[in-house]
Amino acid sequence: MRPSPGETHRPRVPAPAGRSPRERPWSGAPGGAPLADAGAAPLAGPCAAHHPDELPLLSIAIAGGKGGIGKTNLAANLAIGMSDLGRRVLLLDGDLSLANVDLLLGLAPRHTLHDVVTGRRRMEEIVLAGPAGVRILPAASGIEEMADLDEVRRERLLRSLARVTGDRDVLIIDTAPGIQAQNLRLARAADEILVVTTPEPPAFADAYATLKVLSAHALARPPRLVVTMARDRGEARRVSERIGRVARRFLGLDLELCGVIPRDAAVARAVRRQQPFVRAYPDSPAAEAIRDLARRLLDPPERPRRRARPAALQAA
Ligand SMILES: Nc1ncnc2c1ncn2[C@@H]1O[C@H](COP(=O)(O)OP(=O)(O)OP(=O)(O)O)[C@@H](O)[C@H]1O
Ligand SMILES: [Mg+2]
């Protein structure tokens, strides 16, 4: 998490409240066990996702520079957690060339986003039915051209998402490790970016690098932090405070700790069984943490899908 040499304190100008449709290419969619942590206070209050009123769909990207820190497990299990709260969820495997979502959920896709990019299939033809009614857009694995799509194809892919988000409440986007333009373009397109780190220095150095690259663009709101593989909440808080200090000083970002997923052997066991841990081990601390995060992100839980028109207009 070392700022680059010569980096100075440069508070950012606040990002504009809204974004152009280009930033959210799917926005034209029709229709619409507590942590084993004695003594540590729970995360305070809700962490409600920023959900612009004019959009029926809430999109959440899971990002984080380092590989193997639990992003895909977070994305897949959070999708199920939100579905269990009554949301209609679409999960996009944004690790476009090294797909993992299908493996974690024990699915065997016949067609993937690669078929969409190459024009062989339409977006709606590749959607898979996953656990708890979650719909999944699977990616390909081992197809090099998907690792670095040109901008035209990337934009086409994002725009064609509108074909499958129309009846969904939430879009969750898992992203690949690294800070390549492709990953960050996917992340930036979301209403809410959850940057993931573990308590280990290489992971939080990469999380900081991700925040740095993300914050070079106008964002609707600052990304928020999820600490995975934490020994306890105290450890997660210390990591969060450490990144938070640097992010505030060098990027002008106020970083909020939004979720803590404990280090839990149930996660690896579920991965080996190719089942989401919220289903395979619903009583595990990791599953409890996912349910807590889903609730906090969706607070208030009863958000209307569309803003009601003011009474005066209705009467008119
Ligand atoms: N909370 C956790 N507790 C213990 N182990 C975990 C936890 N989360 C993830 N793991 C372990 O880390 C492995 C990698 O997880 P995952 O695939 O979700 O990471 P990733 O960040 O998506 O990786 P990549 O960057 O390669 O896509 C899992 O197979 C599991 O063994
Ligand atoms: Mg992954």
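Quick caveat, the model's predicted, so the values are computed rather than measured. (Residues numbered from 1 in each chain as written. Chains lettered and ligands numbered in written order. Predicted model: local features only at pLDDT ≥ 70, side-chain atom pairs only at ≥ 80, totals over all residues. Heavy atoms only, no water.)

1. Description of the overall build of the protein chain
Step number 1: Across its full length, the protein chain carries 12 helices and 8 strands.
Step number 2: Per-residue burial over the protein chain gives 53% buried out of 316 residues.
Step number 3: Carbon and sulfur atoms make up 53% of the accessible area of the protein chain, which amounts to about 14,100 Å² in all. (Helix = DSSP H or I, 4+ residues; strand = E, 2+ residues; numbered from the N terminus. Buried < 20%, exposed > 50% of the residue type's maximum accessible area, 1.4 Å probe, protein only. Areas by Shrake-Rupley, 256 points an atom, 1.4 Å probe, with all protein chains shown as cover.)

2. A look at the environment of Glu 144
Step number 1: The residue Glu 144 is located in the loop between β4 (135-137) and α4 (151-160) in this model.
Step number 2: In sequence terms Glu 144 and Ser 97 are 47 residues apart; their C-alpha atoms lie 6.3 Å from each other.

3. So, the pattern of salt bridges
Step number 1: Applying the stated rule across the entire model yields 17 salt bridges.
Step number 2: Arg 163 is the salt-bridge partner of Glu 124, the closest N and O atoms lying 2.8 Å from each other. Remark: Arg 163 occurs in helix α5 (residues 162-165) and Glu 124 occurs in the loop between α3 (113-117) and β3 (128-129); sequence separation between them is 39 residues.
Step number 3: Under the relative-accessibility criterion, Glu 124 is labelled partly exposed at 33%.
Step number 4: In this structure Arg 163 comes out as partly exposed when scored by relative accessible area, which is 49%.
Step number 5: Salt bridges sharing partners connect three or more residues here, namely Glu 192, Arg 221, Arg 224 and Glu 256. (Salt bridge = Lys/Arg side-chain N within 4 Å of Asp/Glu carboxyl O.)

4. Comments concerning the sheet that holds β4
Step number 1: Taken together, the 8 strands give an open sheet; going across it, the order is β3-β4-β2-β5-β1-β6-β7-β8, and neighbouring strands pair in mixed fashion. Two strands in the sheet have a free side with no partner beyond their single neighbour: β3 and β8 (257-262).
Step number 2: Against the sheet, helix α7 (residues 201-214) touches β1 (58-63) and β6 (192-197), its axis set at about 155° to β6.
Step number 3: Helix α11 (residues 285-297) contacts β1, β6, β7 (224-230) and β8 of the sheet and is inclined by roughly 165° relative to β8. (Pairing = 2+ DSSP bridges. Contact = heavy atoms within 4.5 Å. Axes fitted to C-alpha atoms, helices over the stretch in contact; angles between N-to-C directions.)

5. Considering unusual backbone geometry
Step number 1: Despite not being glycine, Ala 132 shows a phi value in the positive range, around 60°.
Step number 2: Take Ala 132: it is sitting in the loop between β3 and β4.
Step number 3: We note that Gln 274 has phi near 55°; this positive angle belongs to a residue other than glycine.
Step number 4: Take Gln 274: it is sitting in the loop between α9 (265-273) and α10 (277-280).
Step number 5: On the basis of relative accessibility, which here comes to 36%, the residue Gln 274 falls in the partly exposed class.

6. Notes on the packing of α4 against helix α6 (residues 181-188)
A packed helix pair is summarised by two numbers, namely the angle formed by the two axes and the spacing between the axes.
Step number 1: Packing of α4 against α6 leaves a shortest axis separation of 11 Å and a crossing angle of 30°. Viewed along their axes, α4 and α6 adopt a mutual orientation that is roughly parallel. Crossing of α4 over α6 shows right-handed handedness. Counted together, Arg 154, Glu 155 and Leu 158 of α4 and Ala 181, Gln 182, Arg 185 and Leu 186 of α6 form the full contact between these two elements.
Step number 2: In the contact of α4 with α6, the residues fall into 3 nonpolar, 1 polar and 3 charged. (Parallel < 35°, antiparallel > 145°, perpendicular 65-115°, else oblique. Left-handed = near helix turned anticlockwise from the far one by under 90°. Nonpolar A, V, L, I, M, F, W, Y, C, P; charged D, E, K, R; others polar.)

7. Quick look at the site of ligand 1
Step number 1: Taken together, 17 residues lie near ligand 1, and Gly 68, Ile 69, Lys 71, Thr 72 and Asn 73 sit nearest.
Step number 2: Note that an oxygen atom of ligand 1 is positioned 2.7 Å from one of the side-chain N or O atoms of Lys 71.
Step number 3: Notes on ligand 1: free accessible area 630 Å², of which the protein chains cover 80%.
Step number 4: For the shell around ligand 1, the secondary-structure elements that each account for two or more residues are α1 (71-84), β8 and α9.
Step number 5: Here the shell around ligand 1 is built from residues that sort into 8 nonpolar, 5 polar and 4 charged. (Near = heavy atom within 4 Å. Polar contact = N/O pair within 3.5 Å; in protein donor to acceptor, adjacent residues only side chain to side chain.)

8. Some points on the nonpolar core
Step number 1: Ranked by size, the top nonpolar core spans 49 residues in total, and within it Leu 92, Leu 113, Met 123, Leu 137, Leu 161, Leu 211 and Ile 243 carry the most contacts.
Step number 2: Top contributing element to this core by residue count: helix α8 (residues 233-251), with 7 residues.
Step number 3: With residues up to four places along the chain from it excluded, the contact list for Leu 92 reads Leu 113, Leu 137, Leu 161, Leu 171, Ile 172, Ile 173, Asp 174 and Leu 186.
Step number 4: If you look at the next biggest cluster of nonpolar residues, it comprises 42 residues, including Ile 136, Val 196, Cys 258 and Ala 286. (Core = buried A, V, L, I, M, F, W, Y, C linked by side-chain atoms within 4.5 Å.)

9. Let's talk about the pairing of β6
Step number 1: With 6 of its 6 residues buried, β6 lies for the most part within the structure.
Step number 2: Going residue by residue along β6, you find Glu 192, Leu 194 and Val 196 tucked away on one face and Ile 193, Val 195 and Thr 197 tucked away on the opposite face as well.
Step number 3: Sheet analysis places β1 next to β6, joined by 4 bridges and oriented parallel. Within β6, the position partnered with Ile 60 by the bridge is Glu 192.
Step number 4: By the bridge criterion, 4 bridges tie β6 to β7 in an arrangement that is parallel. What sits directly across from Val 196, in β7, is Val 226.

10. Observations regarding the environment of Met 146
Step number 1: Looking at the element boundaries, Met 146 is found in the loop between β4 and α4.
Step number 2: Here Met 146 falls in the buried class, since its relative accessible area comes to 0%.
Step number 3: Spatially, the C-alpha atoms of Met 146 and Gln 182 are 9.7 Å apart, while their sequence positions differ by 36 residues.
Step number 4: For Met 146, the contacting residues outside a window of four places in its chain are Leu 96, Ser 97, Leu 113, His 114, Val 117 and Gln 182.

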